[in-house]
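So you can see what is in the structure, the chains are spelled out below.
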2 protein chains.
Amino acid sequence: MALKAEARPRSKTRDRVLQVALALFNERGADRVTTAEIANAAGINEGNLYYYFQKKEQLVMALFDFFAAAMLATAETPIEDPSEPLSYTNYQRGWFKLMWDYRLFYRDGPALRGMAPRLRESLAELTGRGQQAVRRLFGLMRQHGFMRATDDDIEVLIGNLWIVSSYWMDFRLIEHGAPVAPEDLAWGFRQVERLVRPYLTERAVLMDEVPQV
Amino acid sequence: MALKAEARPRSKTRDRVLQVALALFNERGADRVTTAEIANAAGINEGNLYYYFQKKEQLVMALFDFFAAAMLATAETPIEDPSEPLSYTNYQRGWFKLMWDYRLFYRDGPALRGMAPRLRESLAELTGRGQQAVRRLFGLMRQHGFMRATDDDIEVLIGNLWIVSSYWMDFRLIEHGAPVAPEDLAWGFRQVERLVRPYLTERAVLMDEVPQV
DNA sequence: GTCTATAATGAGATAGAC
DNA sequence: GTCTATCTCATTATAGAC
């Protein structure tokens, strides 16, 4: 099981390192943060950092474990009321909160995989489970008459949803120069919503509201 | 003008370096190729490489100039017969050929921007011009009754088209492990085609054919 | 223009004292 | 568990001979 939490015993210092690393990565980009900076920001010495994480890869993987748990919780959040269209919008909101909290994994994916090659297969596994959850969700929407799409439509749609969701932050960075900010979430939310819209029935209300973060 | 060709006089060695660097980057990934390897593959000494390109960034930017020219040529290729649906499919084929020939810029974008920070603004400019060409294309399709979409629909669609086109290779790499191969082009082609399909009218034939590369 | 050196970086990683 | 000090190593970059 690739997504289990780490085995090593808990420690306040260790937790602080992870917390600080997550913040630094999220803020400045994973490729612009060195182990020295992380140790410094955590108030410990660089040598001490290596007591907890012998390789930078281990640090990244530990962060990924948190992300994986959060993503699965998000993906498998049950729809409050499947007969109420707004419930699905709320579900989508959950995804965008996740993207923001762990934006290092969305924005800096390639850089992180450079630091931690093992990340690739963990990501593949997680992606599979996340997509399965979305697949079930669309099944539910069809049942309730909110969606009209063939199985094939849905497979292609899920692929495109995943790509747009995973990379819109990097795309936005290129176009705007500035790193992605909370205000940009509405843009991404809208792009994703429009992917789904062509397959919604008249029964479904518009789902292009601005997400709360 | 950021997209002009370089000013330095031509030279066989210089051309060979660029050609070899493009091939190596395309093949192995931009972040896995060192200047030493490039010089070696070009049959010259590492010191000599720095006679032509004082910084690795200059090498990347020179490659980008080729890419930019090819991309603009692709984007602005006139539609052979705007009243013939297949012409638009051919246009899309052109894009996928470009993606393959310069896949380093699609697959290794973040790594390249790490090597050459100036790339970001050049990419932004190029993206803008490319999107403008696609915008005109959709206008043409509307004129000929192949497309039914509001201006707003088209703006969102272009954003999603750009994201899926730009990042599907990286996504595919995560899911499959293996680097993207020519066979995968059909998958990407299909994902892109399905983004557009909901806005096509009955007059437009299906455009989901497999691209030739 | 091309080569042989050799420097200069800058990061990750470790050994061993406390 | 934490620190100081040091090492390794890949890479970019330059100086100067030919």
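Residues numbered from 1 in each chain as written. Chains lettered and ligands numbered in written order. Predicted model: local features only at pLDDT ≥ 70, side-chain atom pairs only at ≥ 80, totals over all residues. Heavy atoms only, no water.

### Some thoughts on the relation of the copies chain A and chain B
Our working rule: Copy-to-copy superposition: least squares on the C-alpha atoms, limited to residues that have pLDDT of at least 70 in both copies. By definition in these notes, contact holds between two residues if any of their heavy atoms fall within 4.5 Å.
For the pair chain A and chain B, the relating rotation is 180°, the translation along its axis is 0.1 Å, and the fit reaches an RMSD of 0.1 Å. In short, the pair behaves as if placed about a two-fold rotation axis. Both copies present the same face, since 100% of the interface residues in chain A are matched by interface residues at the equivalent positions in chain B.

### Digging into the protein's contact with DNA strand C
In plain terms, the rule: Near, as used in this document, describes a residue that has one of its heavy atoms within 4 Å of the molecule or strand being considered. Any N or O atom pair separated by 3.5 Å or less is treated as a polar contact, with the protein-specific requirement of one donor-capable and one acceptor-capable atom, and with residues adjacent in sequence counted only for side-chain atom pairs. Numbering of helices and strands runs from the N terminus, with a helix taken as a DSSP run of H or I at least four residues long and a strand as a DSSP run of E at least two residues long.
With respect to spatial proximity, 14 residues lie near DNA strand C, and among them A:T35, A:K56, B:T13, B:N45 and B:Y52 are the closest. One nitrogen or oxygen atom from the side chain of B:T13 is found 3.0 Å from a phosphate oxygen belonging to DNA strand C. Note that a phosphate oxygen of DNA strand C is positioned 3.2 Å from one of the side-chain N or O atoms of B:N48. With four residues, helix α3 (residues 46-52) of chain B is the largest single contributor of residues to the surface near DNA strand C.

### Details of the interface of chain A and chain B
The criterion, for reference: Here the quantity called buried area is the total loss of accessible area, with a 1.4 Å probe, experienced by two parts when brought into contact, counted for both. We count a salt bridge whenever a side-chain nitrogen from Lys or Arg sits within 4 Å of a carboxyl oxygen from Asp or Glu.
Counting from both sides, the interface comprises 31 residues of chain A and, opposite them, 31 residues of chain B. Across the chain A/chain B interface, buried area totals approximately 2900 Å², and carbon plus sulfur atoms make up 57% of it. When the buried surface of chain A facing chain B is broken down by residue, A:I163, A:Y167 and A:I174 rank first, second and third, together holding 22% of it. Here chain A is connected to chain B by eight salt bridges. Ionic pairing is found between A:R190 and B:D152, a salt bridge with its closest N-O pair at 2.5 Å. The interface formed by chain A and chain B includes 18 residue pairs in polar contact (both at pLDDT 80 or more).

### Quick word on the pattern of salt bridges
Stated formally: Accessibility here uses a 1.4 Å probe with only protein chains present; expressed as a share of the type maximum, an area under 20% marks a residue as buried, one over 50% as exposed, and anything in between as partly exposed.
If you walk through the whole model with that rule in mind, you get 28 salt bridges over all chains. Its salt-bridge partner being A:E155, residue A:R135 comes within 2.8 Å of it at the nearest N-O pair. With A:R135 in helix α8 (residues 119-143) and A:E155 in helix α9 (residues 151-176), this pair connects stretches of sequence that are 20 residues apart. The class of A:R135 is partly exposed, set by a relative accessible area of 27%. Accessibility expressed as a relative area gives 36% for A:E155, which makes it partly exposed. B:E37 is paired through a salt bridge with B:R28; the nearest N and O atoms lie 2.7 Å apart. Linked through salt bridges whose partners overlap, the residues forming this network are A:D152, A:D153, B:R190, B:E193, B:R194 and B:R197.

### A look at the environment of B:P198
Summarising the element assignment, B:P198 is placed in the segment after α10 (185-196). Exposure remark for B:P198: the relative accessible area of 35% places this residue in the partly exposed category. Residue contacts for B:P198: discarding those within four places in its chain leaves A:P198 and A:Y199.

### Focus: the protein's contact with DNA strand D
Put simply, the rule reads: Under the grouping applied here, Gly and all other residues not named as nonpolar or charged are polar, the nonpolar ones being Ala, Val, Leu, Ile, Met, Phe, Trp, Tyr, Cys and Pro and the charged ones Asp, Glu, Lys and Arg.
Close contacts around DNA strand D come from 15 residues, with A:N45, A:Y52, B:T35, B:E46 and B:K56 the closest. Within the side chain of A:Y51, one N or O atom sits 3.3 Å away from a phosphate oxygen of DNA strand D. Within the side chain of B:K56, a nitrogen or oxygen atom sits 2.5 Å from a phosphate oxygen of DNA strand D. Mapped onto the surface near DNA strand D, the elements with two or more residues apiece are α3 (46-52) of chain A together with α3 of chain B. Per-element accounting of the surface near DNA strand D gives the leading share, four residues, to α3(A). Along the lines of polarity and charge, the residues of the surface near DNA strand D split into four nonpolar, eight polar and three charged.

Honestly, that's just the spatial picture; any functional story needs more than this.
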